[in-house]
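# Architecture at a glance
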Amino acid sequence: MRLADKSTTMQEALSGLGDGATVMVGGFGVPGTPFTLIRDLVRLGLRNLTVIKNDANETGMGIDHLLASGQVTRLITTHIGLNPRAIEMMNSGAIEVEFNAQGILAERIRAGGAGLGGILTDIGEETELTAGKPRIEIAGKRLVVETALRADVALIHAERADPFGNLRYVATARNFNPLMAMAADRVIAEAERIVPLGDLAGDDVHTPGPFVDHVVALGPLSEEYAVVRR
Amino acid sequence: MVARAAREIAPGMVVNLGIGLPTKVVDHLDPDLSVCLHTENGLSGIGPTLPPECANSNLIDAGGAYVSTVPGSAFFDSAVSFALVRSGRLDLTMLGAFEVSQSGDLANWKIPGRFSPGAGGGIELAQKARRVVVLTTHTDRAGNPKLKDTCTLPITARGCVARIFTDMAVIDVTPAGFALIELAHGVSAAEVCAATGAALALPRGDIPTF
């Protein structure tokens with residue numbers, strides 16, 4: 001038996017995606033951010049996007065391009081302190097920002113990827129972040145109901161992939177990538193290296209191939225992936 | 001104050017150092033101290049901070065600083081990272097603050113209309129680390145106290161702060177409110193009281209200095 005080859009081009013992987021789509025984007029700061037896929041999403045010109053990402057990157061990088069081109073109406077995130085444009089657009093009402101506690105955003109995505117309806121937690125109980133969210137009492141504890149998150153498409157950055165979509169991440173570039181790679185109807189992974197089937201040992205796989213729809217090989221990495229000199 | 005705060009870390013602890021002043025604590029740790037530093041973006045066992053010219057672009061801490069690893073470091077995803085925090089495996093976190101109340105409420109994520117970066121992982125750290133200490137300047141840039149009766153800014157977590165290290169003093173949050181523990185060299189108890197926006201209990205006898 002042979003596993004399918006899911007390697008394709010950026011254009012093909014993103015084709016058919018429409019305005020108003022919900023897009024999950026991996027990464028925490030630079031590590032793990034799929035800068036090339038984001039650039040393609042900008043080129044595609046889709047409007048009215050809901051973006052789910054831990055942060056808004058920095059000026060001139062990643063998510064900032066989507067914000068600058070006015071393609072985003074809603075951002076579900078945890079921290080945007082390094083992107084003044086995101087803060088300005090939030091303050092002026094140009095985008096709606098929904099803040100989550102970081103680990104709760106991770107769990108909501110994980111729940112979406114695991115086919116669950118949501119999670120129960122005491123995190124943020126007395127903060128603005130959980131205002132208006134339903135509560136449930138279990139074993140005498142009042143818990144916040146946090147709904148699961150799924151997306152139309154997840155953009156993932158992997159260090160290595162095989163053609164079937166088995167993925168491996170490196171160092172702190174893992175972050176939200178393996179969670180988002182389970183939580184979208186269409187999962188697209190850009191990979192620094194695509195190795196032949198079997199070269200990525202089963203025990204070394206972080207995201208199993210059945211979760212992944214498309215694998216796209218990156219050329220030489222652009223400046224955006226490099227060390228930032230602030 | 002950063003050097004004094006570093007002495008809060010005991011051998012064998014798993015510790016998360018928050019963004020801002022707490023990050024600087026790492027420079028004051030004895031290299032022989034056995035301690036596991038955790039960062040929210042998925043690393044346990046942080047090594048020394050690296051300048052850009054020797055940095056690995058895939059190896060940062062939650063504040064975006066380039067870091068290194070130590071023998072035995074582990075990488076994990078964001079769900080695992082916060083499972084570690086919420087399940088009680090984090091012995092200590094050191095966080096920055098906009099305000100701390102006398103009952104230990106912490107506000108450090110939002111100044112409405114001015115600066116709302118979001119809480120990142122701060123809520124879970126504040127709510128679930130076994131011990132939460134704060135590193136902050138005693139007053140804000142305008143000279144207003146950051147230690148207050150009650151927080152006026154949106155809170156991060158209630159009743160979480162155990163101890164506060166400032167440029168003027170070390171102060172504990174007790175069931176009876178703020179209690180002065182130590183004074184910075186050259187600062188008087190009267191000066192600390194004047195710069196604190198709530199009652200401050202003074203110890204009997206000589207007050208240690210740092």
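Please refer to the structure higher up on the page.
Residues numbered from 1 in each chain as written. Chains lettered and ligands numbered in written order. Predicted model: local features only at pLDDT ≥ 70, side-chain atom pairs only at ≥ 80, totals over all residues. Heavy atoms only, no water.

When you go through chain A residue by residue, the secondary structure sums to 6 helices and 11 strands. Relative to the compact-globule value of 17 Å for 230 residues, chain A shows a C-alpha radius of gyration of 18 Å, a close match. If one aligns the C-alpha atoms of chain A with their principal axes, the spans along those axes are about 50 × 40 × 35 Å. Here chain A, with 230 residues, has 57% of them falling under the buried criterion. Sequence separation of 24 or more characterises 72% of the internal contacts of chain A that already satisfy a separation of 6 or more. (Helix = DSSP H or I, 4+ residues; strand = E, 2+ residues; numbered from the N terminus. Rg over C-alpha atoms; globule rule 2.2 N^0.38 Å. Buried < 20%, exposed > 50% of the residue type's maximum accessible area, 1.4 Å probe, protein only. Contact = heavy atoms within 4.5 Å.)

Time to look at the sheet that holds strand E6 (residues 99-101) of chain B. The strands that make up a sheet pair up through hydrogen bonds in the backbone, lying either parallel or antiparallel. Residues and elements named next belong to chain B. Strand order in the open sheet formed by 3 strands is E7-E6-E9, and the pairing between neighbours is mixed. Only two strands of the sheet have a single partner each, and these edge strands are strand E7 (106-107) and strand E9 (147-148). Across 2 bridges, the pairing between E6 and E7 is antiparallel. If you follow Glu99 over to E7, its bridge partner there is Ala107. (Pairing = 2+ DSSP bridges.)

Let us now look at the packing of helix H5 (residues 102-113) of chain A against helix H2 (residues 78-86) of chain B. Two quantities define a packed helix pair, namely the angle between the axes and the distance from one axis to the other. One can describe the packing of H5 of chain A onto H2 of chain B by two numbers: an axis separation of 9 Å at closest approach and a directional angle of 125 degrees. Taken as axis vectors, H5 of chain A and H2 of chain B run oblique relative to one another. Where H5 of chain A crosses over H2 of chain B, the handedness of that crossing is left-handed. In this structure, H5 of chain A uses Gln102, Gly103, Ile104, Ala106, Glu107 and Arg110 of chain A to contact H2 of chain B, whose residues at the interface are Ser78, Ala79, Phe82 and Arg86 of chain B. Along the lines of polarity and charge, the residues of the contact of H5 of chain A with H2 of chain B split into 4 nonpolar, 3 polar and 3 charged. (Axes fitted to C-alpha atoms, helices over the stretch in contact; angles between N-to-C directions. Parallel < 35°, antiparallel > 145°, perpendicular 65-115°, else oblique. Left-handed = near helix turned anticlockwise from the far one by under 90°. Nonpolar A, V, L, I, M, F, W, Y, C, P; charged D, E, K, R; others polar.)

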